[in-house]
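Below, each chain spelled out in residue letters.
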Amino acid sequence: MKRFGLSSKERIKSKNEFELLYSSGEIAFSSSKKFKAVFFIQRNSDKNEIKAAFAVSRKSGNAVWRNRVKRLFRESFRLNKGALYESVEFKNASLLIAFSPNSVNQTNRKKIFLKEVLPEIVELINQIKAKI
RNA sequence: GAUUCUUGUUGGGCAGUUGCUAUCCAGGGAGCUUCUCCUUGAAUAGAGGAAAGUCCGAACUCCGCAGAACGAAGUGCCGGGUAAUUCCCGGGGUUCCCAAUUUACGGGGACACGGAAAGUGCCGCAGAAAAAAUACCGCCCUGAGCUAGUCGAGGGGUAAGGGUGAAAAGGCAGGGUAAGAGCCUACCGCGCCAGUGGUAACACUGUCGGUCCCGCUCUAAACGGGAUCCCGCUACGGCGGGACAUGGCAAACCCCACUUGGUGCAAGGUCAAGCAGAAGGUUUUCCGCAGGGUUUUCCCUCGGACAAAGUUGUUCGCUUUGAAUGCCUUCGGGUAGACCGCUGGAUCACAACAGUAAUGUUGUGGCGAGAUAAAUAAUUGCCGCCCGGUUUUUAACCGGGAACAAAAUUCGGCUUAUAGACAAGAAUCUUCU
RNA sequence: GCCCCCGUAGCUCAGAAGGAUAGAGCAGCAGUUUCCUAAACUGUUGGUCGGAGGUUCGAUUCCUCUCGGGGGUA
């Protein structure tokens, strides 16, 4: 597996997985409340896999803005997922995560850049890593 | 030269690193081994002019048979273009603006632009009256009466004037009259018909336009014929002639002409996986000196009647079924994975020819996304563009900015949103010759 | 993706096959009552009828475009 890649196997794609995540998952917020992450930890699993999703509500902006936010999330996750894999393999667990914007939308932040998104995603990943 | 508007084109470029999707090639591994799957690497390609809104039109799909009548919906000057259109091009008409001004000629814009003389309905307030005109003020004639006047109850005539209104029953001039009026006349206007030009819408020219009836294959205020009324002239035999009758609204109902079956890629098809059925309703037909079997109060086929279901607005008509693992309605259960459809086409670029143009024909060359919780990205450097600041004001450095917006079966239009750049045209202003 | 609906006062809704002062309830404000409050009663404020064009003498109503919200569909 590539160290900094993100293949389609590492993405949540089925409706069942989304229902499991949103019905019984926990929520973590970044310190500025700009972003949030919903995550579900399955303990004593033999798969040791991590699956991520990037969800942006339709009300927060138009298609161009939503696509950009999702791509920035994906880029941030792709570069920083290594620490999570170490914990998952050590604890023998599986993990599902969905990242979403919380207070940020197109009207209050028309242009958004990676240097704003990346530190807060890293913070969220560290919060989740502490709970495994 | 500046500003504004319209139309068209364009919608930053190059390189590096790390990723994603598709196609293809190579290596490794697994299996049910001419095939499929997993994994690693290389190459190539990877959002728009509107991809948007979903307002029109098609291709394609299945249902179904589309046959008729009625209904419903849509379209509406004429011609052309197109696969087709509520689109585009050209022309006509109406209307507005500019310039000029008496018009005309000229330039530009807008227009859902069939029918109001088939019928129905509506036209608030104001006004006398709003569509068969019951005359408010006024004008004119007449005049009971008495207080004898610049009086005037009542009766009649009058749509020229006033006032109201979005709109007042063709306009204007002359004649005429008691006062007036298409009451009469000229010109303009309205409409029918004919001729000329035009494919046509329409334009120009000319004739005609009382009332009733008949005719012309339909229609007729006006084309033909007859009757009748009125007016004028008359040599009394006739001859000549006739103001024009109905405001607006059809994006009110409606009439006329034309068009339209529904459904929309979550259409539709194949494979895999998976589950659980239940309740209710409906129909145990009839006839036939038709044919066959033959066990002859039986069964099958055929024809007819009847019933049920379907035919996605209704009726007729049509199709299927009539006892079976049926049909209909309601409730409930399971799955939401893969593949096809899925991108080469009314295709794109260039050139020539035809055409006023939209567009078409021919030739040459090209292949340019195919995702599905949904790829097409992130970041760094340099160049180019714009803004601000500093300094040695030609330049350099520093900081900031660059619109609207992302395919989802595919095309053709329309509409709406758009920073900047380029080209062409028009209008206005200024400067020079 | 496709197909449909709805926008009227601060809130929930009426209204019409075009006529102008657009209604009702709740809420708000003022008053009566009460020692004070609530309740009750009386009066009153508040609307460019989502936005822009068009038809018409006249549009909340009819037509077109547009903005926002909601629903259905394997």
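Structure: see above.
A.B. asks: I keep staring at the protein's contact with RNA strand B and nothing clicks. Help me out?
C.D. replies: Within the structure, RNA strand B sits among 19 residues, and R11, R68, R71, R74 and K110 are positioned closest to it. Looking at RNA strand B alone, sugar and phosphate atoms form 69% of those within 4 Å of the protein. With respect to RNA strand B, the side chain of N67 contributes an N or O atom lying 3.0 Å from a base nitrogen. Per-element tally for the surface near RNA strand B: the top contributor is helix 2 (residues 63-80), with eight residues.

A.B. asks: Looking at this structure, I do not really get helix 4 (residues 114-131). What am I missing?
C.D. replies: Note on helix geometry: an α-helix contains 3.6 residues per turn, so any two residues three or four positions apart are oriented the same way. Between its first and last C-alpha, helix 4 extends 26 Å over 18 residues, near the 26 Å set by a 1.5 Å rise per residue. Buried residues of helix 4: V117, E120, I121, L124, I125 and I128, and no others. Looking straight down helix 4, one finds that the buried residues subtend no more than 150° of arc, so they occupy a single side. Exposed residues pointing more than 90 degrees away from the buried face of helix 4 are listed as K115 and A130. Buried residues belonging to helix 4 abut strand 1 (26-29), strand 2 (35-43), helix 2, helix 3 (82-91) and strand 4 (93-101).

A.B. asks: Looking at this structure, I do not really get the pattern of salt bridges. What am I missing?
C.D. replies: Pairing of side chains with opposite charge becomes possible as their charged atoms draw close. Applying the stated criterion to the full structure yields four salt bridges. Residue E10 pairs with K81 through a salt bridge whose shortest N-O separation is 2.7 Å. Highlighted residues: E10 in the segment before helix 1 (15-24) and K81 in the loop between helix 2 and helix 3, separated in sequence by 71 residues. Each member of the pair, E10 as well as K81, is classed as buried. Salt-bridge contacts for E17 lead to K51; the nearest nitrogen and oxygen are separated by 3.0 Å. Of this pair, E17 sits in helix 1 while K51 is found in strand 3 (residues 50-54), placing the two residues 34 residues apart along the sequence. Overall, E17 belongs to the buried group, its relative accessible area being 19%.

A.B. asks: How do you make sense of the sheet that holds strand 3 when you look at a structure like this?
C.D. replies: In a beta sheet, neighbouring strands are held together by backbone hydrogen bonds and run either parallel or antiparallel to one another. The four strands lie next to each other as 1-2-4-3, forming an open sheet whose pairing is mixed. Two strands bound the open sheet, and with one partner strand each, they are strand 1 and strand 3. In this sheet, neighbouring strand axes are inclined to one another by 20° on average, regardless of whether the strands run parallel or antiparallel. The sheet strands contacting helix 3 are strand 3 and strand 4, and the helix crosses strand 4 at an angle near 150°.

Rules and cut-offs
Residues numbered from 1 in each chain as written. Chains lettered and ligands numbered in written order. Predicted model: local features only at pLDDT ≥ 70, side-chain atom pairs only at ≥ 80, totals over all residues. Heavy atoms only, no water. Near = heavy atom within 4 Å. Polar contact = N/O pair within 3.5 Å; in protein donor to acceptor, adjacent residues only side chain to side chain. Helix = DSSP H or I, 4+ residues; strand = E, 2+ residues; numbered from the N terminus. Expected span 1.5 Å × (residues − 1). Buried < 20%, exposed > 50% of the residue type's maximum accessible area, 1.4 Å probe, protein only. Arc of directions from axis to C-beta. Contact = heavy atoms within 4.5 Å. Salt bridge = Lys/Arg side-chain N within 4 Å of Asp/Glu carboxyl O. Pairing = 2+ DSSP bridges. Axes fitted to C-alpha atoms, helices over the stretch in contact; angles between N-to-C directions.

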